[in-house]
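Observations on the model geometry
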Amino acid sequence: MHMLRRLSRLTFPVRRRLSTHANAAPETWATIAEVSPLSPSTSALELELESSLTFEPGQWVDLYIPAIDQVGGYSITSLPAELPRLSLAVKASAHPPAAWCTRDARAGDRVALRVGGSFVLRDTPAALYVAGGVGINPLYSMLRAHCDRAPPRRAALLYTAQRHDELLFTAQLSRLAQRLPGHTRFRLGATREPSSAAAPPLPGAGRLDGRIGDAALEEALRWLGCEPNEVREGSAVPWMAESVAREPGTASEACAEGVCAYVCGPPRMTDEICATLRRMGVGQVHAERWW
């Protein structure tokens with residue numbers, strides 16, 4: 001998942017990662033310090049860099065594994081301030097790099113890296129983060145960087161996975177929410193399990209039931225100080241029966257200029273969320289799709 005390209009049919013920046021062999025040379029080598037489970041299907045890789053590397057929160061690395069032809073592409077979940085330690089989260093799959101990372105990688109193994117991507121944090125007073133599955137990976141780094149800025153800025157997170165045990169970084173998100181209770185609003189949930197199947201709510205975070213829809217997005221935007229475009233009564237969006245049409249130009253000024261939205265997840269979810277946010281009047285919507 002190396003190359004990024006803009007989709008001309010969309011009016012917001014959505015970028016895709018494609019699984020190809022990278023032509024560019026790696027920037028540095030790294031040694032795996034630790035491999036640990038994040039969920040039943042996702043592993044965390046902690047790497048110690050052997051030379052300097054720079055990146056911005058939200059970017060990813062091409063991962064070059066000796067003896068494997070294909071190149072993996074995985075978001076960086078750590079912060080630049082934590083270098084030379086660099087963290088990745090990799091979901092198990094049949095793709096050879098992902099299979100190696102989640103099944104065969106061991107402490108002491110060496111890999112090569114190259115940074116890529118332009119899905120990065122912007123400087124805005126407030127931000128909405130919307131994640132599906134492992135789409136949380138780049139957003140986790142961006143969210144932490146956002147919350148570390150001074151003075152504190154508001155951040156809302158809507159995050160779902162298919163099952164509750166596939167939600168990543170829950171303990172870390174809970175600690176972040178408790179550290180900044182007046183500036184964070186986190187809602188987590190599962191799309192294929194009832195909320196009754198979840199553990200007790202995380203301290204500092206609320207629950208989401210099912211998919212992320214108009215109501216959850218509206219609530220988050222209003223908490224961020226953004227009043228969405230008014231609903232056009234009795235009119236649904238033709239290709240999204242569960243969504244509603246909006247009156248353009250009725251959103252508050254904060255939606256156009258004060259709030260930035262970041263979306264990352266499966267292609268259909270990403271497209272639908274971005275389109276809904278645009279109809280609601282959010283002026284800055286940035287997204288990345290996972291294949």
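Quick caveat, the model's predicted, so the values are computed rather than measured.

Some remarks on the overall build of the protein chain
From N to C terminus, the protein chain includes six helices and 15 strands. Taking all 291 residues of the protein chain together, 54% fall into the buried category. Of all intrachain contacts in the protein chain linking residues separated by at least 6 positions in sequence, the fraction that spans at least 24 positions is 68%. Counting every atom, the protein chain has about 12600 Å² of accessible surface; 52% of that belongs to carbon and sulfur.

Here we look at the packing of aromatic side chains
According to the stated counting rule, one finds three aromatic pairs in the structure shown. An aromatic cluster of three or more residues is present, and its members are F119, Y129 and Y262. The positively charged end of R154 is found above the aromatic ring belonging to W223, 4.2 Å away from the centroid.

Concerning the side chain of N137
Mapped onto the secondary structure, N137 falls in helix α2 (residues 136-148). When residues no more than four places from it in sequence are discounted, the contact partners of N137 are S75, I76, T77, A89, L168 and F169.

Regarding the state of the cysteines
Summed over the entire model, instances satisfying the criterion amount to one disulfide. Paired by a disulfide, C226 and C255 hold their sulfur atoms 1.5 Å apart. Between C226 and C255, the S-S dihedral sits near 80°, and the bridge is therefore right-handed. Of this pair, C226 sits in the loop between α4 (214-223) and β12 (231-237) while C255 sits in helix α5 (residues 253-257); the two residues are 29 residues apart in sequence, bridging distant segments of the chain. For C226, a relative accessible area of 1% gives the class buried.

Things to note about the sheet that holds strand β5 (residues 72-75)
Read from one edge to the other, the open sheet built from six strands follows the order β5-β4-β7-β2-β3-β6, with strand pairing classed as antiparallel. Looking along the sheet, the strands with just one partner apiece sit at the ends: β5 and β6 (85-91). Geometrically, the sheet is characterised by an average inter-axis angle of 40° between neighbouring strands, direction not taken into account. Pairing of strand β2 (residues 28-37) with strand β7 (residues 110-116) involves four bridges; the strand directions are antiparallel. In the sheet register, W29 faces β7, and the bridge partner there is A112. Along the sheet face, helix α1 (residues 96-104) touches β2, β3 (42-49), β4 (60-64), β5, β6 and β7 and points at about 110° away from the line of β6.

Some points on α2
End to end, α2 covers 18 Å across 13 residues, agreeing with the expected 18 Å (1.5 Å per residue, within 8%). Judged by how many residues are buried, α2 sits mostly within the fold: twelve of 13 residues are covered. Every buried residue of α2 is listed here: I136, N137, P138, L139, Y140, S141, M142, L143, R144, A145, H146 and C147.

With respect to unusual backbone geometry
The peptide bond linking L83 to P84 adopts the cis configuration, its omega dihedral lying at 10°. Mapped onto the secondary structure, P84 falls in the loop between β5 and β6. The amide bond that connects A150 to the next residue, P151, takes the cis arrangement and shows omega of -5°. By secondary structure assignment, the location of P151 is in the loop between α2 and β9 (154-161). Of note, A67 is a non-glycine position whose phi angle comes to about 75°, a positive value.

Things to note about the pattern of salt bridges
Enumeration according to the criterion identifies 15 salt bridges in this entry. Residues R144 and E82 are paired through a salt bridge, measuring 2.6 Å at the closest nitrogen-oxygen approach. On the criterion of sequence distance, the pair formed by R144 in helix α2 and E82 in the loop between β5 and β6 is long-range, its members being 62 residues apart. With a relative accessible area of 33%, E82 lands in the partly exposed category. Here R149 and D123 are joined by a salt bridge, their closest N and O atoms 3.8 Å apart. One end of the pair, R149, is in the loop between α2 and β9; the other, D123, is in the loop between β7 and β8 (126-132), and 26 residues separate them in sequence. Connected through shared salt-bridge partners, E46, E48 and R85 make up one network.

Remarks on the confidence of the model for the protein chain
Regions with low pLDDT should not have their predicted coordinates read in detail. Predicted confidence across the protein chain gives a mean pLDDT of 86, with 84% of residues reaching 70 or more. Summarising per-element confidence for the protein chain, the mean pLDDT is lowest in strand β1 (residues 14-16) (44) and highest in β3 (98). Here residues 1-22 scores under 50 on pLDDT; set against residues more than four positions off or in separate chains, the count is 74 contacts.

Focus on the pairing of β7
Counting buried residues along β7, five of its seven residues qualify, which places the element largely inside the surrounding structure. Where β4 and β7 come together, five bridges link them in antiparallel fashion. What sits directly across from V61, in β7, is V115.

Rules of the game
- Residues numbered from 1 in each chain as written.
- Predicted model: local features only at pLDDT ≥ 70, side-chain atom pairs only at ≥ 80, totals over all residues.
- Heavy atoms only, no water.
- Helix = DSSP H or I, 4+ residues; strand = E, 2+ residues; numbered from the N terminus.
- Buried < 20%, exposed > 50% of the residue type's maximum accessible area, 1.4 Å probe, protein only.
- Contact = heavy atoms within 4.5 Å.
- Areas by Shrake-Rupley, 256 points an atom, 1.4 Å probe, with all protein chains shown as cover.
- Phe/Tyr/Trp six-rings, centres within 6.5 Å; stacked < 30°, edge-to-face > 60°.
- Lys NZ or Arg CZ within 6 Å of the ring centre and 35° of its normal.
- Disulfide = S-S within 2.5 Å.
- Pairing = 2+ DSSP bridges.
- Axes fitted to C-alpha atoms, helices over the stretch in contact; angles between N-to-C directions.
- Expected span 1.5 Å × (residues − 1).
- Salt bridge = Lys/Arg side-chain N within 4 Å of Asp/Glu carboxyl O.
- pLDDT = per-residue confidence, 0-100.

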